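One-letter residues, chain by chain:
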Amino acid sequence: MTAEPAASRPASSVAPADVARAEGVLWRRAGVGVVALPRAGDDVLFLQGSAAAVWLLLDRPRSFSALVLDLAEEFQVDRETVAADLVPAVDDMLARQLLRRTPA
Amino acid sequence: MMDAPEGLPDLAPAVAAVGLPGSLHAFPDHPLDPQAWARLLARAREQRLAGLLLSALDDGSLPSTEDQREAAATLHVEQMRTVLHLEAELLDAIDALRQVGVDVRVIKGSAVAHLDYPDPALRAFVDVDLLVRGSQFDLAVAALLRAGHTRRFPQPRPGFDARFSKGASFKTPRGAEIDLHRTFVMGPFGLDVVLDDLWKDSPEIFTVADVELPALSRECRLMHACYHAALGDVVARLVPQRDVAQLLLSGRLDRDRVRFLLERWRAQPVVALAVRTTWATLALADIVALSAWAHRYIPSPKAAQELALYHDPQARYAEKSLAAVRAIPSWRDRVAFVRALAFPDADYLQGRPRGVARLRRAALARSRSRNVQ
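Residues numbered from 1 in each chain as written. Chains lettered and ligands numbered in written order. Predicted model: local features only at pLDDT ≥ 70, side-chain atom pairs only at ≥ 80, totals over all residues. Heavy atoms only, no water.

**Here we look at the interface of chain B and chain A**
Buried accessible area, meaning the area lost when the parts come together, often serves as the stated size of an interface. Contacts between chain B and chain A engage 24 residues on the former and 19 residues on the latter. Carbon and sulfur atoms supply 61% of the area that chain B and chain A bury against each other, a total of about 1600 Å² over both sides. On inspection of chain B and its partner chain A, the count reaches three salt bridges. Our enumeration of links across chain B and chain A arrives at seven residue pairs in polar contact (both at pLDDT 80 or more). Contributing elements (two or more residues each) for the side of chain B that touches chain A: helix H4 (66–99) and helix H5 (109–116) of chain B. Examining the composition of the side of chain B that touches chain A, we find that 13 residues originate from one element, H4 of chain B, more than from any other. (Contact = heavy atoms within 4.5 Å. Buried area = accessible area lost by both parts, 1.4 Å probe. Salt bridge = Lys/Arg side-chain N within 4 Å of Asp/Glu carboxyl O. Polar contact = N/O pair within 3.5 Å; in protein donor to acceptor, adjacent residues only side chain to side chain. Helix = DSSP H or I, 4+ residues; strand = E, 2+ residues; numbered from the N terminus.)

Okay, here's the thing in structure tokens:
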């Protein structure tokens, strides 16, 4: 994700809650990723790689483990590797108010 | 539209037709050389076609090098960043208008991107366009001014906007442009549009950032796309033509409603020109009822003369405005219209005294020629 670092990140805590796109985010597919602008923000964020993949998968709320499964299948990578990659990406998106937690 | 340098084919129309059924445009079967690529990328920037260009590279219809793909992707990100900032402005403007009870329709860019393209990322735009009723125009202007927007040009006289103008243009505090429309275009064809028809159809709803926004009906969107393609610029731009094709080839139009609007708005010259131009530019082989009709249609000499005015690079606001007089039904309104343009308020005159002088001369010439007849 290309933007300033998030001011403060919550401790890694995406699992086991479901995650969903936050309300009021403007977005488009763009180039090799996704551009997104939270309604309260001024800066358009460019999501690439796993962040873009997470965004596109979250057309409906999903559990973290479902995200891991889908991405492991899509990219033909083992689940542990995907999970290790996904935790910081999802945390960062939560901190930037692109995602929200929903009850599991 | 830019002329192609000698020896370099202009591939922008082929890009504008990417994904349309029945287009006869084809790309080379090898990546473009650096000069041809640079020209195509410049055209994609100028005509806002990065989404369609990237789509052509992704599906392999235009072979590319890694560098070319990266350049197209970068341009697309740039155009989509602009689009998101504009949609944020759109939501703020809608909010300001709804707070004072102004009924509004989102038109052109954002609405067409969300409702008529398979992916809104294929349709870029550079401003926000809103339609409001003439009776609420002044209220809408006041709401946008209160929200901190700056009106770019004042109206010639109080009440002119609500009765005669195409609309008004604003700059937002962040520098974006918002066009507030009363009708589609200035001049005679704009005044022929029966505005009530735009509001009679149920709005089609689309969603931006979880906010539901009303657009015109699909048939009115087609009509508007035709006005934009045929009359919006001296030389038709590619995106409005793509909009026309996108809507017409969707197979989801109510043909009776389109026929009704065509006749009631006396829009045949405009729509026929837009459809013919689109079919030629995008090399469309598919025939639909409206394209068959458009190719047969011959405008009257008077309509042809009025169309020519929109494509004359020398014709200014004054000439187009004066030509609109014939579309104003009552003599009292005609007098008010000419009087407002020939003798506007001092605010309006700032920065455009030559335009007003041209209008006065044109009005005089018109009145002399009428006396001779």
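**Let's talk about the packing of helix H2 (residues 34–46) of chain B against H4 of chain B**
Residues and elements named next belong to chain B. It is the contact of H2 with H4, at a shortest axis distance of 11 Å, that shows an interaxial angle of 10°. Accordingly, the angle class assigned to the pair H2 and H4 is roughly parallel. H4 is crossed by H2, and the crossing has right-handed handedness. Only Gln68, Ala71, Ala72, Leu75, Glu78 and Gln79 of H4 make contact with H2, whose side of the interface consists of Trp37, Leu41, Ala44 and Arg45. Looking at the contact of H2 with H4, its residues break down into six nonpolar, two polar and two charged. (Axes fitted to C-alpha atoms, helices over the stretch in contact; angles between N-to-C directions. Parallel < 35°, antiparallel > 145°, perpendicular 65-115°, else oblique. Left-handed = near helix turned anticlockwise from the far one by under 90°. Nonpolar A, V, L, I, M, F, W, Y, C, P; charged D, E, K, R; others polar.)

**Considering the state of the cysteines**
Residue and element names in this part refer to chain B. Applying the stated criterion across every chain yields a total of zero disulfides over all chains. There is no disulfide at Cys220, and the cysteine sulfur nearest it, in Cys226, is 12 Å away. Looking at Cys226, the relative accessible area reads 0%, which means it is buried. (Disulfide = S-S within 2.5 Å. Buried < 20%, exposed > 50% of the residue type's maximum accessible area, 1.4 Å probe, protein only.)

**Observations regarding the pattern of salt bridges**
Residues and elements named next belong to chain B. Inspection of every chain in the model, using the stated rule, returns 26 salt bridges over all chains. One salt bridge connects Asp103 with Arg133, and the closest N-O pair in it is separated by 3.0 Å. Taken together, the positions of Asp103 in the loop between H4 and strand E1 (104–107) and Arg133 in the loop between strand E2 (128–132) and helix H6 (137–146) put the pair 30 residues apart, joining distant regions of the chain. Its relative accessible area of 29% is what places Asp103 among the partly exposed residues. A salt bridge links Arg264 to Asp197, with the shortest nitrogen-to-oxygen separation between them at 2.8 Å. Pair noted here: Arg264 is in helix H12 (residues 255–264) and Asp197 is in helix H9 (residues 195–200), with a separation of 67 residues, a long-range link.

**Re the nonpolar core**
Core analysis: the biggest nonpolar cluster contains 75 residues, and Leu53, Leu198, Tyr227 and Trp265 of chain B have the highest contact counts within it. A per-element tally of this core places helix H10 (residues 218–231) of chain B first, with nine residues. Discounting chain neighbours no more than four positions away, the residues touching Trp265 of chain B are Phe184, Asp192, Val193, Val194, Asp197, Leu198, Cys220, Met223 and Tyr227 of chain B. By size, the runner-up hydrophobic cluster in this structure holds 44 residues, among which are Leu37 of chain A together with Leu84, Ala111 and Phe170 of chain B. (Core = buried A, V, L, I, M, F, W, Y, C linked by side-chain atoms within 4.5 Å.)

**Comments concerning the sheet that holds strand E3 (residues 33–38) of chain A**
Residues and elements named next belong to chain A. Here we have three strands laid out as an open sheet, ordered E2-E3-E4, and antiparallel in their pairing. With partners counted over all chains shown, the strands left at the sheet margins are strand E2 (25–30) and strand E4 (45–47), one partner each. Sheet twist, expressed as the mean angle between neighbouring strand axes with direction ignored, is 25°. In the sheet, E3 pairs with E4 via three bridges, with the strands oriented antiparallel. Residue Val34 lies in a different strand from E4, and its bridge partner there is Leu47. (Pairing = 2+ DSSP bridges.)

**Describing the packing of aromatic side chains**
Each aromatic ring pair is specified by the distance between its two centres and by the angle formed by the two planes. All names here are of chain B. Evaluation of the coordinates by the stated rule reveals six aromatic pairs over all chains. With 5.8 Å between their ring centres and 40° between their planes, Phe189 and Tyr310 make a pair best called tilted. With Phe189 in helix H8 (residues 188–192) and Tyr310 in helix H15 (residues 301–311), this residue pair connects regions lying 121 residues apart in the sequence. Given a relative accessible area of 3%, Tyr310 falls into the buried group. Relative to Tyr297, the ring of Trp293 lies with its centre 5.2 Å away and its plane at 40°, an arrangement referred to as tilted. The exposure class assigned to Tyr297 is partly exposed, which follows from its relative accessible area of 21%. In this structure an aromatic cluster arises from ring pairing among Phe184, Tyr227 and Trp265. (Phe/Tyr/Trp six-rings, centres within 6.5 Å; stacked < 30°, edge-to-face > 60°.)

**Here's the deal with the confidence of the model for chain B**
Residues and elements named next belong to chain B. Scored by pLDDT, chain B comes out at a mean of 89, with 90% of its residues at no less than 70. For chain B, per-element mean pLDDT is lowest for helix H19 (residues 353–372), which scores 55, and highest for E1, which scores 98. If you check the scores for this complex, the pTM reads 0.87 and the ipTM reads 0.85. (pLDDT = per-residue confidence, 0-100.)

**Topic: the sheet that holds strand E1 (residues 18–21) of chain A**
All names here are of chain A. As summarised here, the arrangement of the three strands in space is E5-E1-E6, forming an open sheet in which the pairing is antiparallel. This sheet does not close on itself; its edge strands, each paired only once, are strand E5 (62–63) and strand E6 (99–102). Across four bridges, E1 lies against E6 in antiparallel orientation. Pairing of Val19 across the sheet is with Arg101, part of E6.

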